[in-house]
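Results of the structural survey
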Amino acid sequence: MKKILAVTAVLLTLMSFKMTDYKGKEYKISGTISADFNGKKIYLAETVDKSIKKLDSVVVKKGAFTFTGESDKPQQRLLYIEDKLEDGQIGLFIEKGTITVKVNTQDIPKSVVGGTLNNDALNKLNIIIADLGKKEEAFKDTHFENFNQAKASGDIETQNRIAKEYEALTAEKNKSYIAFIEQNPNSIICLELFPIILNDQNAKAKEIKPVFDKLSADSKQTEMGQKIDNYLNQMLVKEKAMEATEVGKKCPDFSASTPDGKTFSLKEAMGKVTVIDFWASWCGPCRKENPNVVAMYNELHGKGLNIIGVSLDNNDAKWQGAIEKDNLTWYHISNLKGWDEPIAKEFGVSSIPATVILDKNGTIVARNLRGEELKAKVLELLNQ
């Protein structure tokens, strides 16, 4: 199960944004706080290399404080009370306009900010995060101990059930974030939600890319925006490849060079059962799995099992050396392009070892089986 992380209502760390059409520079932070803090200093600060750097300070008078300044773009800043840094900070953006801050002296991170586009959005997001955090904490309280006990006792059924429930909670969280993005497309804070959403293994670029496309042009043109866009486009290519080679589809033919420099194709390797094995000499898990595959091949090759190894190596000598050392006596091909291996891209392979299992008709019947699961599937097909 994915590690269950407590969600806290804190300001997400943002990089600098180049807002090409941002107009005006003047900002004002207008804060209110309990009169008990009269005479205390409020500090305006920024985070630099995980350290807090003071930028300015004012003294609380009559339960109020004010900062003024200029900023030609929205920038992350922090407020904290003199001698109370460890009690928490208030996250906000300095940007054109009047920024309001209502300090919650009992729980400083829960202070309310607003007044400008990004601060209003930040306040809304903090409310969402706080609500999600409560649900996640409740989930931990209910299931965390049970999951650990199930793991210790080898109770796979219970582990899978709890993991599935957590996946549903993650989906709910991401649904909330997507709704927030769609309602606040002009806020720069939206960009920071995409890495969180994309961290979900069930995230689909074809569903997330249209949400990203709704962001303002300025957000999409930032360095972070461009990285997210590129990543989503890469995901779309992989998803398209996975759909084209999913279970039930006819396997596309492919070819590449053998260790002796000849061109060899999948159709030449077809048996009653064919396993396409994506691996590399530098892949530790692949090399660890090879003895199992060798044993299966030696036992079942005579009954109709063929294997074609597709290597993601980029060094010919290391590739051939691993084939010889591990006694891999089946067919081998590679374009020696590492992670740019076109056959791997055609099948949407982004991690190895990976397998694709074909029946006698060349139909894909399973993917990514290893060890005993792989052998069981091969035996099932051979006995048909």
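Rules of the game
- Residues numbered from 1 in each chain as written.
- Predicted model: local features only at pLDDT ≥ 70, side-chain atom pairs only at ≥ 80, totals over all residues.
- Heavy atoms only, no water.
- UniProt positions renumbered as here; feature names shortened; annotations may be inferred.
- Salt bridge = Lys/Arg side-chain N within 4 Å of Asp/Glu carboxyl O.
- Helix = DSSP H or I, 4+ residues; strand = E, 2+ residues; numbered from the N terminus.
- Buried < 20%, exposed > 50% of the residue type's maximum accessible area, 1.4 Å probe, protein only.
- Expected span 1.5 Å × (residues − 1).
- Bend = angle between axes of the 7 residues up to and from the residue.
- Arc of directions from axis to C-beta.
- Contact = heavy atoms within 4.5 Å.
- 1 Å grid on protein atoms, 1.4 Å probe; cavity = no way out; pocket = protein on both sides within 12 Å on 5 of 7 lines; lining within 4 Å.
- Points joined across faces, edges and corners; volume = space filled by probe spheres on them.
- Nonpolar A, V, L, I, M, F, W, Y, C, P; charged D, E, K, R; others polar.
- Domains from an automatic or database assignment.
- Phe/Tyr/Trp six-rings, centres within 6.5 Å; stacked < 30°, edge-to-face > 60°.
- Lys NZ or Arg CZ within 6 Å of the ring centre and 35° of its normal.
- Pairing = 2+ DSSP bridges.
- Axes fitted to C-alpha atoms, helices over the stretch in contact; angles between N-to-C directions.

Looking at an unreviewed UniProt entry, the chain carries the name Putative lipoprotein/thioredoxin, with the source organism given as Flavobacterium beibuense. Under the heading Subcellular location (unreviewed entry), UniProt records this for the chain: "Cell envelope".

**Overview of the pattern of salt bridges**
Under the counting rule described, the total for this entry stands at 18 salt bridges. Of the charged contacts in the structure, one is a salt bridge between Lys206 and Glu243, with a shortest N-O distance of 3.1 Å. Residue Lys206 is found in helix H4 (residues 205-212), and its partner Glu243 is found in helix H6 (residues 223-244); the two are separated by 37 residues along the sequence. Among the ionic pairs, Glu223 bridges to Lys227, the shortest N-O distance being 3.4 Å. Linking Glu223 with Lys227, this pair stays in helix H6, spanning four residues, or about one helical turn. Classification of Lys227 by relative accessible area gives exposed; the value is 54%. One network of salt bridges, in which partners are shared, links Asp131, Lys135 and Glu172.

**Let's talk about helix H1 (residues 117-153)**
Between the first and last C-alpha of H1 there are 52 Å, a value that for 37 residues agrees with the 54 Å anticipated at 1.5 Å per step. In H1, a bend of some 45° at His143 exceeds every other bend along the element. Positive backbone phi, approximately 75°, marks Gly154, located one or two places after H1.

**Remarks on H4**
All of the buried residues in H4 are Ala205, Ile208, Lys209, Val211 and Phe212. Take H4 and look down its axis: the buried residues cluster within an arc of 160°, on one side only. Contacts from the buried residues of H4 go to helix H2 (156-183), helix H3 (193-198), helix H5 (217-221) and H6.

**Quick word on empty space enclosed by the protein**
Inspection of every chain in the model, using the stated rule, returns three cavities of 30 Å³ or more. Of all the elements in the fold, those that place two or more residues in the lining of the largest cavity are H1 and H2. Ranked by residues supplied to the lining of the largest cavity, first place goes to H2 with four residues. When its residues are assigned to classes, the lining of the largest cavity shows three nonpolar, one polar and three charged. A volume near 40 Å³ is recorded for the second largest cavity. Residue lining of the second largest cavity: Asp277, Glu289, Val293, Pro353, Thr355, Leu369, Arg370 and Leu374, and that is the complete set. Across the lining of the second largest cavity, the residue classes tally to four nonpolar, one polar and three charged.

**Observations concerning the layout of surface pockets**
Roughly 810 Å³ of volume is contained in the largest pocket. In this structure, the largest pocket is lined by 26 residues; those nearest its centre are Lys238, Met242, Gly348, Val349 and Ser350. Across the lining of the largest pocket, the residue classes tally to 11 nonpolar, six polar and nine charged. When residues are assigned to domains, the lining of the largest pocket turns out to be shared by domain 2 (120-245) and domain 3 (250-383), each giving three or more.

**Describing the packing of aromatic side chains**
For the coordinates displayed, the defined rule picks out nine aromatic pairs. With 5.2 Å between their ring centres and 25° between their planes, Tyr43 and Tyr80 make a pair best called stacked. Placement of the pair is Tyr43 in strand E2 (residues 41-48) and Tyr80 in strand E5 (residues 75-81), with a sequence separation of 37 residues. Taken together, a centroid distance of 5.5 Å and an interplanar angle of 80° make the contact between Phe194 and Phe212 edge-to-face. Linking Phe194 in helix H3 with Phe212 in helix H4, this pair joins segments that are 18 residues apart in sequence. There is no split in this pair, since Phe194 and Phe212 are both buried. Aromatic rings pair up to connect Phe254, Phe278 and Phe347 into one cluster. Positioned above the aromatic ring of Tyr43, the side-chain terminus of Lys54 is 4.5 Å from the ring centre.

**Digging into the sheet that holds strand E12 (residues 305-311)**
Two modes of strand pairing occur in sheets, parallel and antiparallel, and in both the strands are linked by backbone hydrogen bonds. Read across the sheet, five strands follow the order E13-E12-E11-E14-E15 without closing on themselves; strand pairing throughout is mixed. The open sheet has two edge strands with one neighbour each: strand E13 (331-333) and strand E15 (364-367). In this sheet, neighbouring strand axes are inclined to one another by 20° on average, regardless of whether the strands run parallel or antiparallel. Bridge count between E12 and E13: three bridges; the pairing is parallel. Following the sheet pairing, Ile308 is matched in E13 by Tyr331.

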